[in-house]
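These are the residues of each chain, in order.
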Amino acid sequence: MTPDMLVPLLAAAVQSGTPILFATLGEILTERSGVLNLGVEGIMLVGALAAFVTARLTGSPLAGFVAGGLCGAGLAGVHGVVCLIFLGNQVVSGLALTILGTGLANYLGTPYAGQEAPGFTALALPLLSEIPLLGPILFTQDPLVYTAYLLPPLMWIYLYHTRWGLGLRAVGEFPEAATAAGLRVKGYRWTGVLAGGGLMGFGGAYLSLAYTHLWANGLSAGRGWIAVALVIFAFWRPGRAMVGAYLFGGVMAFQFRLQASGTPLPSSLLLMLPYGLTILVLVFSSWRNKGGEAPAALGVTIEPSE
């Protein structure tokens, strides 16, 4: 593969991986608080539709992006009500959220199918975009990609170098001890659920406002499930999530390039590549770490005395 072919492929990998990165970071934040949310796919779709419709009505991609995050947080709030107030099963609630979000987005979005909306376009960063090889790949992207670059280090600082991040991790590991230390367990878990849902909604908003600039039913195409798998691959660490998201983005971009080049391989087989890689990643992660890095209270509905 020549550099002229490699650079566009890697640039496309960054674009393909960005919505996955947003969603993965949102799931990491949620799971660090001890709440398992399997509704990522539905939240991304609702965020994508909200962003698309808002951008069409207002003409502002930024307003659409914010609306996508707010609707993602709102749908995640439904999960919070079920699990944190009514103490429902987190797995069942998350799966129901995926079904609800997918059905809602497809029903409300059908009139907009195939239509376009104003979105974000590439913005080359001065000086950085002129760096050989890296410039065209990393620094000739849209503003949302640059925002995504900043999120993993900011989340790492929050989780490991602030008292609030320490409290969030404590609640996800030992809620009884956190309560004894005077932390408001419910407050921290609500923070993880809502902030994580907002990031998932941003991931969906990226799909409709920057990746495609149009609406189509099923726009997320399984990216939410890939994000859930990437959390395990990343061992709940933001930095590794960034690597994994762009790795999966590269596989997606590669299979699209193969289809466009007229390869004799069946298109259905090429479409399987990202999801086959997801299975391999889960197997490798389970063999490598055996789930030892997962928050100890993840998925366990606990009501500590406060």
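Everything quoted here is computed from the prediction, not taken from an experiment.

Colleague: Explain the overall build of the protein chain here, please?
Modeller: A tally of helices and strands in the protein chain yields 13 helices and two strands. Taking 306 residues into account, the globule formula puts the C-alpha radius of gyration at 19 Å, and the protein chain, at 19 Å, falls close to it. The dimensions of the protein chain, computed from C-alpha atoms along their principal axes, are 60 × 45 × 40 Å. When the 306 residues of the protein chain are sorted by exposure, 49% land in the buried category. If you take every contact in the protein chain between residues at least 6 apart in sequence, the share linking residues at least 24 apart comes to 77%. For the protein chain, the computed accessible surface area is about 13,600 Å², with 72% contributed by carbon and sulfur atoms. Side chains of the protein chain carry 13 positive and 12 negative charges; the gap between the two charge centres is 5 Å.

Colleague: Where do I start with helix H2 (residues 40-58) in this structure?
Modeller: For an α-helix, 3.6 residues make a turn, and residues three or four places apart therefore share a direction. Between its terminal C-alpha atoms H2 stretches 26 Å, which fits the 27 Å expected from 19 residues at 1.5 Å a residue. Burial runs high along H2: 15 of the 19 residues are buried. Within two residues after H2, Gly59 carries a phi angle of roughly 75°, on the positive side.

Colleague: For this particular structure, what's the right way to read the packing of helix H3 (residues 61-85) against helix H9 (residues 185-211)?
Modeller: The packing of two helices is summarised by the inter-axis angle and the distance between the axes. For the pair H3 and H9, the least separation of the axes is 6 Å and the interaxial angle reads 140°. One element, H3, and the other, H9, form an angle in the oblique class. As H3 packs across H9, the resulting crossing turns out to be right-handed. Its residues assigned to classes, the contact of H3 with H9 shows 14 nonpolar, nine polar and two charged.

Colleague: Whenever I open this one, the packing of helix H6 (residues 143-161) against H9 confuses me. Can you help?
Modeller: Put simply, H6 and H9 touch, their axes get as near as 12 Å, and they point 165° apart. By the angle class used here, H6 and H9 are roughly antiparallel. In this structure, H6 crosses over H9, and the sense of that crossing is left-handed. Facing H6, whose interface residues are Leu144, Val145, Leu151 and Met155, H9 presents Leu199, Tyr206 and Ala210.

Colleague: What should I look at first to understand the environment of Gly42 in this one?
Modeller: Assignment of secondary structure puts Gly42 in helix H2. We classify Gly42 as buried; its relative accessible area is 0%. Taking the C-alpha atoms as reference points, Gly42 and Gly109, separated by 67 residues in sequence, lie 13 Å from one another. Ignoring anything within four residues of it in the chain, the contact list for Gly42 reads Leu75, Leu97, Thr98, Gly101 and Thr102.

Colleague: Help me out: how do you make sense of the side chain of Thr24 in this one?
Modeller: For Thr24, the location among the structural elements is in helix H1 (residues 3-32). Taking relative accessible area as the criterion, Thr24 reaches 0% and is therefore assigned buried. A polar contact is formed between the side chain of Thr24 and the backbone oxygen of Ile20, at a distance of 2.7 Å. Excluding residues within four positions of it along the chain, Thr24 makes contact with Ala227, Leu230, Val231 and Ala241.

Colleague: It is not clear to me how the side chain of His79 should be interpreted in this structure. Could you clarify?
Modeller: With respect to the helices, strands and loops of the structure, His79 is situated in helix H3. A residue is classified by how much of its surface remains accessible, and His79, at 0% relative accessible area, is buried. Polar side-chain contacts of His79 include one of 2.8 Å to the side chain of Ser93. Once residues within four sequence positions are removed from consideration, His79 is found in contact with Val35, Leu36, Asn37, Gln90, Ser93, Gly94 and Leu97.

Colleague: Please explain a nonpolar patch on the surface as it appears in this structure.
Modeller: Judged by side-chain polarity, Leu100, Leu104, Tyr107 and Leu108 come together as a nonpolar surface patch covering roughly 420 Å² of accessible area. By the element assignment, Tyr107 lies in helix H4 (residues 90-109).

Colleague: Can you help me understand the packing of aromatic side chains in this one?
Modeller: Any aromatic ring pair is given by two values, namely how distant the centres are and how the planes are angled relative to each other. This structure, assessed with the given rule, holds eight aromatic pairs. Judged by centre distance (6.0 Å) and plane angle (75°), the rings of Phe52 and Tyr112 are edge-to-face. Pair noted here: Phe52 is in helix H2 and Tyr112 is in the loop between H4 and strand S1 (123-124), with a separation of 60 residues, a long-range link. Assessed through its relative accessible area of 25%, Tyr112 is described here as partly exposed. With centroids separated by 6.5 Å and ring planes inclined at 40°, the aromatic side chains of Trp156 and Tyr160 adopt a geometry described as tilted. Of this pair, Trp156 and Tyr160 both sit in helix H6, four residues apart, which is roughly one turn of that helix.

Rules of the game
- Counting of residues starts from 1 at the beginning of each chain's written sequence and follows it residue by residue.
- Per-residue local features are limited, in this predicted model, to residues with pLDDT of at least 70; the limit for side-chain atom pairs, both in listing and counting, is 80 or more; totals at the level of whole chains, interfaces and linings are taken over all residues.
- The basis for every side-chain value is the complete set of heavy atoms in the structure, and neither hydrogens nor water enter the calculation.
- Numbering of helices and strands runs from the N terminus, with a helix taken as a DSSP run of H or I at least four residues long and a strand as a DSSP run of E at least two residues long.
- Our radius of gyration looks at C-alpha atoms and nothing else; its globule reference is 2.2 Å times the residue count to the power 0.38.
- Only protein chains enter the calculation, and the probe is 1.4 Å; a residue is then buried if its accessible area is under 20% of its type maximum, exposed if over 50%, and partly exposed in between.
- Any two residues whose heavy atoms approach within 4.5 Å are treated as being in contact.
- Note on areas: Shrake-Rupley with a 1.4 Å probe; residue coverage comes only from the protein chains shown.
- In this count, Lys and Arg are taken as positive residues and Asp and Glu as negative ones, while His and the chain termini are left out.
- Where a charge lies is defined by one atom per residue type, namely NZ (Lys), CZ (Arg), CG (Asp) and CD (Glu).
- Multiplying 1.5 Å by the helix residue count minus one yields the expected span of that helix.
- Lines fitted to C-alpha atoms define the axes here, with helix axes fitted over just the stretch in contact, and angles between the N-to-C directions of these axes take values from 0 to 180 degrees.
- Every angle not falling under 35 degrees, over 145, or within 65 to 115 is termed oblique; those three ranges are roughly parallel, roughly antiparallel and roughly perpendicular.
- Each crossing gets its hand from how the near helix is turned against the far one by less than a right angle, where anticlockwise is left-handed and clockwise is right-handed.
- Nonpolar residues are Ala, Val, Leu, Ile, Met, Phe, Trp, Tyr, Cys and Pro. Charged residues are Asp, Glu, Lys and Arg, and all others, Gly as well, are polar.
- Definition of a polar contact: a pair of N or O atoms within 3.5 Å, with one able to donate and the other able to accept a hydrogen when the atoms are protein atoms, and with sequence-neighbouring residues admitted only if both atoms are side-chain atoms.
- Note on patches: the residues involved have over 30% relative accessible area and no salt bridge, like charges join within 9 Å, and the nonpolar side chains Val, Leu, Ile, Met, Phe, Trp and Tyr join within 5 Å.
- The term salt bridge refers to a side-chain nitrogen of Lys or Arg lying within 4 Å of a carboxyl oxygen of Asp or Glu.
- A pair of Phe, Tyr and Trp rings is counted when the ring centres sit within 6.5 Å of each other, with Trp represented by its six-membered ring. The angle between the planes then sorts it: under 30 degrees is stacked, over 60 is edge-to-face, the rest tilted.

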